[in-house]
Amino acid sequence: MARSLSLCSNGRKSSTLLSSSIARVSFSFSPKTLFASYPLRHPKFSRLFCKLASVPETVDETKHKELFNRRMAMAGLKPHHRIALGVSGGPDSMALCVLTAKWKTEGLSGVNKTDGFIDGLVAIVVDHGLRQESKDEADVVCCRVSEMGIRCEFARCDWVNGRPKQGHLQEAAREMRYQMISNVCFRQQIDVLLIAHHADDQAELFILRLSRSSGVLGLAGTAFASEIFSRSLQLDVKHMKNRSILLVRPLLDLWKEDMYKICQWGRQDWVEDPTNRSQLFVRNRIRTSIGNLQSGTFKSELQAVISECRRTRSFVDKVCTDLINQTVTVTEKGYAVLDLERLKPTEVKDICLSKYLAAVLQFISQRQKPIRGNTSKLLLNYLRASPCRTSLTAAGCYLSPAPGSKGTKIIVSCSVDCPLPSKTELLNICFNKAQNKPTSDDLGQIISVSKEISDHTAPNRLFEAPFLDVASESVLSKARELNLLSESIYTAIGLLQRDETNRFITKTKDKSVDDSEHGTNIASSSDKVHLWPGQNLYFMNRFLIRWNLSDHQCAEAGCGKCPVSTATSMEVRHMVESDWIYLAELSKCSNTTHSTVSSQKALRSLKSIPAAARRSLPVLVNQCMLLLSVPAIGFSYCSCLEASAVFLPRVPLGGGHSSFL
C-alpha cells in the first residue's frame, strides 16, 4: 500500500553518522575471534555496532564465492539481471552484499558502474518503525551499503492499525518487511530479490518444525528459490496476470560463521541486534540451544537429514505438478474440473495427493493457507471414494460430482459460504497506467532456466526419496536407520525437539489471549463492494471487473427510466439463486428487448455451468438491488451497459515456481 511506504534514495557518502556515534576500538585477530564487537552503545541506538578486526591471512574468499556463484547459476541468474537485496545491516545481509557485488562485477559478463554504483543492483533497507532509534540505525546501514557501491532504497513501515502485539511481533514484522520490499521491487521493475538466509536458519527451522510435528514437506525448510506474488494486484497486461518476484536464497550452503568471515575479507562492518538473543522468541531459544551443541559433526549430519527432506519435497512437487498438468482443467468462469480416471487417486501416495489437493483448493479459493489434519484426511477419503456421489465443503471450496460424468469428474468451485479473502484485497486499479508500464520477459526466462535445472536434479524414482512414507515422529529414526545420524547426534536433536515441544505445549495451555483477535481480516459474501463507471475492481483475488456506459443511447435513457443510465455506481456481489430465477422470468417476456434477448443467451450459458460454480460468479446490481449484469456470462440489462469480468487469480495454480535444491 502506497500510504504505508515512504522512500528516499541515498547517494554515495561517507558514514559520518557511524564514525561520530561509535568509539572505534581495534582488536588483534586470533583463530577463535573473527570479529570485534563494541560493548559501548551510542545513546541513540539499541543495537550493538560491530567493527571488523584486522583481516587474517587464513580467510579464503574463493570457497565462499564459488558456493555463491554456483547457487546463482542454479537460480538461472546472470550478472546483467536487475537484482534487489534485502538488507538489515547484520552480518548475514552484509555478507550477501559483499558476495553479490563481487559476482556482479567480476563475472565473465560482469557489469559496469554508473556514478560509482553497480548497475542493476539495489539494496532495500526497511525501518520497521517499532523503536524510536530505528530510523537512525537504518540511515547508518544505508550509508554503509552506499559506500560499497550499491544503490540503496529506504522503506519505512507505517502501522496504520497500530503496533502488533508482542506475541505476534516477529511474524507481523516479517510480513510487513516482505510487503515493503516487494513494493520497491515492483515500483522499480526489479524481478529478483536475494535474501540472506543461510544453513543455520535452516537448522533452526528444522528443530522448530520438528517440535510442532511438521511432516517431511515442512521439515524441508524454506525454498532455495520461490515466486512471491503481490498482495495487491500488480497487473502485467502483456501476459494478463499478477506480477511476481523470484525470491532467491543463495547462502543456504554457508553457515553463520561464514557470514563473519565474508564480512572480514570484504572489509565490512555490521550490526548485531540484542533482541536476536532474547529468549522470549522461539527462534532465539533454538538458536542458543543449537549453538551450545554445534560441531562439525552436528552440522554435517543435521544438514544431511535436511537435504533428504528437501529431496523428498522436490520429488513430491514434481509428482504434484505432473498430476495437475494431466488431470486439472481450469475454466474462465473460475472453477476447476478434476478427472478422477486420469488421476487414479488410490494409486497416488498420500503425501503427493494431499499436496495436489492443497494446490487446487488454494488456487480456487485464493486462500494461501496450508490444509492439515482432519481436513486433509477428509479430502483424501472423499477423492478416493470413486465414483464420487456426494458433495463436500472444505478449505474455502465446494467439491461436487460434475454433471453427466457419473462421478468420474469433480467440480471444485469457490464456496461463498466460507470466509473469503481479506477485504483489504478488494482493489481499484488503473488499467490504463498498467498498460503503459513496460514489462520484461527476463523473469520468465530466469524461471525457465531454474525449472530446467531443478527438474534435472530432482529425484525421479521412489527409492530416491526415502522419507516419502515417513511420519513426522519417525523422521529422526529413519535418518538413523539410513546412517544419516549417529547415535549421539540423534539423541541431541531429540532432546532439542522434546524441550521445545514441552515449551510449546505449556505456552499453549497458559495462553490467555485469543488468537482470533490477530487473525487475517476476512470478508463475507454479504459485504457490500461498490464500483463506479470506468473503474476496475479486483474482486476477492479472483475477478477483474469493469463497467461503463457505452456511446449507444437506449430508448428509455432520454426519459430517465433506464436503470443503467441512471446508476451512479453498482454493487458487486456473488450470484444467488434469485438471480437466475430473475433471468428465467426475464427470458419469458414476449417482447424482444435487449434484456430479454440477453437473458436468454445468459441462461444457455448458465446451463453449461454447474450450479455450485454459478454461486461464485460476480454480478452487478443497482441501489435497488436490480440485477443489471452478470459479466462472466455476457448478460447486461441494457445495451447502454458495457461490463466485463476476467478470471485473474492473484496466485496461479501450483503457487508459482519453487525449488528446494
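Residues numbered from 1 in each chain as written. Predicted model: local features only at pLDDT ≥ 70, side-chain atom pairs only at ≥ 80, totals over all residues. Heavy atoms only, no water.

Engineer: Any chance you could explain the overall build of the protein here in plain terms?
Structural biologist: From N to C terminus, the protein includes 20 helices and 29 strands. Sorting the 661 residues of the protein into buried and exposed places 52% on the buried side. The contacts of the protein with a sequence gap of at least 6 include a subset with a gap of at least 24, amounting to 73%. (Helix = DSSP H or I, 4+ residues; strand = E, 2+ residues; numbered from the N terminus. Buried < 20%, exposed > 50% of the residue type's maximum accessible area, 1.4 Å probe, protein only. Contact = heavy atoms within 4.5 Å.)

Engineer: What's the story with unusual backbone geometry in this structure? I'm lost.
Structural biologist: The omega torsion across S386 and P387 is 0°, close enough to zero to call that bond cis. Positive phi, normally seen in glycine, also occurs at R267, with a value near 55°. Counting through the fold element by element, R267 comes out in the loop between α8 (256-265) and β14 (270-272). Overall, the relative accessible area of 60% leaves R267 in the exposed class. At N541, a position not held by glycine, the phi torsion is positive, near 65°. With respect to the helices, strands and loops of the structure, N541 is situated in the loop between β22 (536-539) and β23 (543-549).

Engineer: Would you explain the packing of aromatic side chains in this entry?
Structural biologist: Each aromatic ring pair is summarised here by two numbers: the centre-to-centre distance and the angle between the ring planes. Summed over all chains, the structure comprises 3 aromatic pairs. Summarising the aromatic geometry, the rings of Y260 and W270 are spaced 5.4 Å apart at their centres and angled 50° between planes, so their arrangement reads as tilted. Placement of Y260 in helix α8 and of W270 in strand β14 is noted, with a sequence separation of 10 residues between them. Ring-pair connections join several aromatic residues into one group, and the members of that group are F363, F543 and F647. Above the plane of the ring of F154 lies K135, whose end atom (NZ or CZ) is 5.4 Å from the centre. We note R615 situated over the ring of Y398; from NZ or CZ to the ring centre the distance is 5.6 Å. (Phe/Tyr/Trp six-rings, centres within 6.5 Å; stacked < 30°, edge-to-face > 60°. Lys NZ or Arg CZ within 6 Å of the ring centre and 35° of its normal.)

Engineer: Explanation requested: the nonpolar core in the structure shown.
Structural biologist: The nonpolar side chains of a soluble globular protein tend to be buried with one another. Among the nonpolar cores identified, the biggest contains 59 residues, and Y356, L383, I410 and V412 are the most heavily contacted of them. With 11 residues, the top contributor of residues to this core is helix α12 (residues 350-365). Residues lining this core come from more than one domain, with at least three contributed by each of domain 1 (48-52 + 59-294 + 464-509) and domain 2 (529-647). Setting aside residues no more than four positions away along its own chain, L383 makes contact with L338, L340, L343, P345, L353, Y356, L357 and I410. (Core = buried A, V, L, I, M, F, W, Y, C linked by side-chain atoms within 4.5 Å. Domains from an automatic or database assignment.)

Engineer: How should the sheet that holds strand β17 (residues 392-394) be read in this particular structure?
Structural biologist: Picture the strands of a sheet paired through backbone hydrogen bonds; they go either parallel or antiparallel. Strands sit in the order β15-β16-β19-β18-β17 across an open sheet of 5 strands; the sheet is antiparallel. Of all the strands in the sheet, just β15 (328-330) and β17 have a single pairing partner and so form its edges. Taken over all neighbouring pairs, the strand axes of this sheet differ in orientation by 20° on average, direction set aside. As judged from the 5 bridges shared by strand β18 (residues 397-401) and strand β19 (residues 409-414), these two strands associate in the antiparallel manner. Within the sheet, the bridge partner assigned to L399 lies in β19 and is V412. The sheet strands contacting helix α10 (residues 296-327) are β15 and β16 (336-339), and the helix crosses β15 at an angle near 60°. Contacting β15, β16, β17, β18 and β19, α12 crosses the sheet at an angle of about 40° to β19. (Pairing = 2+ DSSP bridges. Axes fitted to C-alpha atoms, helices over the stretch in contact; angles between N-to-C directions.)

Engineer: I'm lost on the pairing of β23 in this one. Help?
Structural biologist: Regular strands place their side chains on alternate faces of the sheet. In this structure, β22 lies alongside β23, joined through 4 bridges in antiparallel fashion. Along β23, the bridge assignment pairs N536 with R546. Linking β22 to β23, which pair antiparallel, is a turn of 3 residues; within it M540 sits at a positive phi near 55°. Both β23 and strand β28 (residues 641-647) contribute to a ladder of 7 bridges, which runs antiparallel. Counted as the bridge partner of L544 is V646 from β28.

Engineer: Which parts of the structure should I look at to understand the side chain of S454?
Structural biologist: Position of S454 among the secondary structure elements: in helix α15 (residues 442-457). If we skip the residues at most four places from it in the chain, S454 touches S659 and L661.

Engineer: Hey, could you run me through the confidence of the model for the protein in this one?
Structural biologist: Residues of the protein with pLDDT of at least 70 account for 83%, and the chain-wide mean is 83. Residue range residues 1-43 is modelled with pLDDT below 50. Its contacts to residues more than four positions away, or to other chains, number 99 contacts. Per-residue pLDDT stays below 50 along residues 422-426; that stretch engages in 16 contacts with residues further than four places along the chain or on separate chains. (pLDDT = per-residue confidence, 0-100.)

Engineer: What am I meant to see in the packing of helix α2 (residues 61-74) against helix α3 (residues 91-106) here?
Structural biologist: Working note: a packed helix pair is described by the angle between its axes plus the distance between those axes. At their nearest, the axes of α2 and α3 sit 10 Å apart, and the two run at 75° to each other. Judged by the inter-axis angle, α2 sits roughly perpendicular to α3. Of the residues in α3, those in contact with H64, K65, F68, N69 and M72 of α2 are L96, L99, T100, W103 and E106. For the contact of α2 with α3, the residue count by class is 5 nonpolar, 3 polar and 2 charged. (Parallel < 35°, antiparallel > 145°, perpendicular 65-115°, else oblique. Nonpolar A, V, L, I, M, F, W, Y, C, P; charged D, E, K, R; others polar.)

Engineer: Could you clarify how one ought to interpret helix α5 (residues 169-187) in this entry?
Structural biologist: Since the α-helix turns once every 3.6 residues, residues separated by three or four places project in the same direction. A rise of 1.5 Å per residue sets the reference length of α5, with its 19 residues, at 27 Å; its end C-alpha atoms lie 27 Å apart and thus fit the reference within 8%. One or two steps after α5, the chain reaches Q189, where phi turns positive at roughly 60°. (Expected span 1.5 Å × (residues − 1).)

Engineer: For this particular structure, what's the right way to read the packing of α10 against α12?
Structural biologist: The contact between α10 and α12 brings their axes to 9 Å, and the two run at 55°. When the axes of α10 and α12 are compared, the pair comes out oblique. Handedness of the α10/α12 crossing: right-handed. Each of R313, V316, D317, V319, C320, L323, I324 and T327 in α10 lies in contact with α12, whose residues at this interface are I351, C352, K355, Y356 and A359. Partitioned by chemical class, the residues of the contact of α10 with α12 number 9 nonpolar, 1 polar and 3 charged. (Left-handed = near helix turned anticlockwise from the far one by under 90°.)

Engineer: Please explain the environment of L77 as it appears in this structure.
Structural biologist: Along the chain, L77 turns up in the loop between α2 and β4 (83-87). The exposure class assigned to L77 is buried, which follows from its relative accessible area of 5%. Along the primary structure L77 and I446 are separated by 369 residues, whereas in three dimensions their C-alpha atoms are 6.3 Å apart. The residues contacting L77, other than those within four sequence positions of it, are M72, W103, V192, L194, V248 and I446.

Engineer: Before we go on, may I ask you to explain the sheet that holds strand β24 (residues 570-574) in this structure?
Structural biologist: Here we have 5 strands laid out as an open sheet, ordered β21-β24-β25-β26-β27, and antiparallel in their pairing. Lying at the two open borders of the sheet, with one neighbouring strand each, are β21 (529-531) and β27 (635-636). Bridge count for strand β26 (residues 627-630) against β27 is 2 bridges, and the pairing is antiparallel. Bridged to V630 within β27 is F635. Against the sheet, helix α18 (residues 577-587) makes contact with β24, β25 (618-621), β26 and β27, and its axis sits at roughly 100° relative to β26, the strand it touches most.

Engineer: When you look at helix α4 (residues 134-147) in this model, what are you seeing that I'm missing?
Structural biologist: In this model, α4 (14 residues) spans 20 Å end to end at C-alpha, consistent with the 20 Å of a helix rising 1.5 Å per residue. Counting buried positions along α4 yields 10 of 14 residues, so the element is predominantly enclosed. Taken residue by residue, α4 has S134, E137, A138, V140, V141, C142, C143, R144, V145 and S146 as its buried positions. Within two residues after α4, G149 carries a phi angle of roughly 90°, on the positive side.

Engineer: Even after reading the chapter, I still don't get the pairing of β16, so can you show me in this structure?
Structural biologist: On β16, burial covers both faces: A336 and L338 on one face and V337 and D339 on the other are all buried. Relative to β16, β15 runs antiparallel, the two being bridged by 3 bridges. By the bridge assignment for β16, T329 is matched with V337. Between the antiparallel neighbours β15 and β16 lie 5 residues, among them G334 with a positive phi of about 95°. When β16 meets β19, the two strands line up antiparallel, connected through 4 bridges. Paired with A336 across the strands is V412, a residue of β19.

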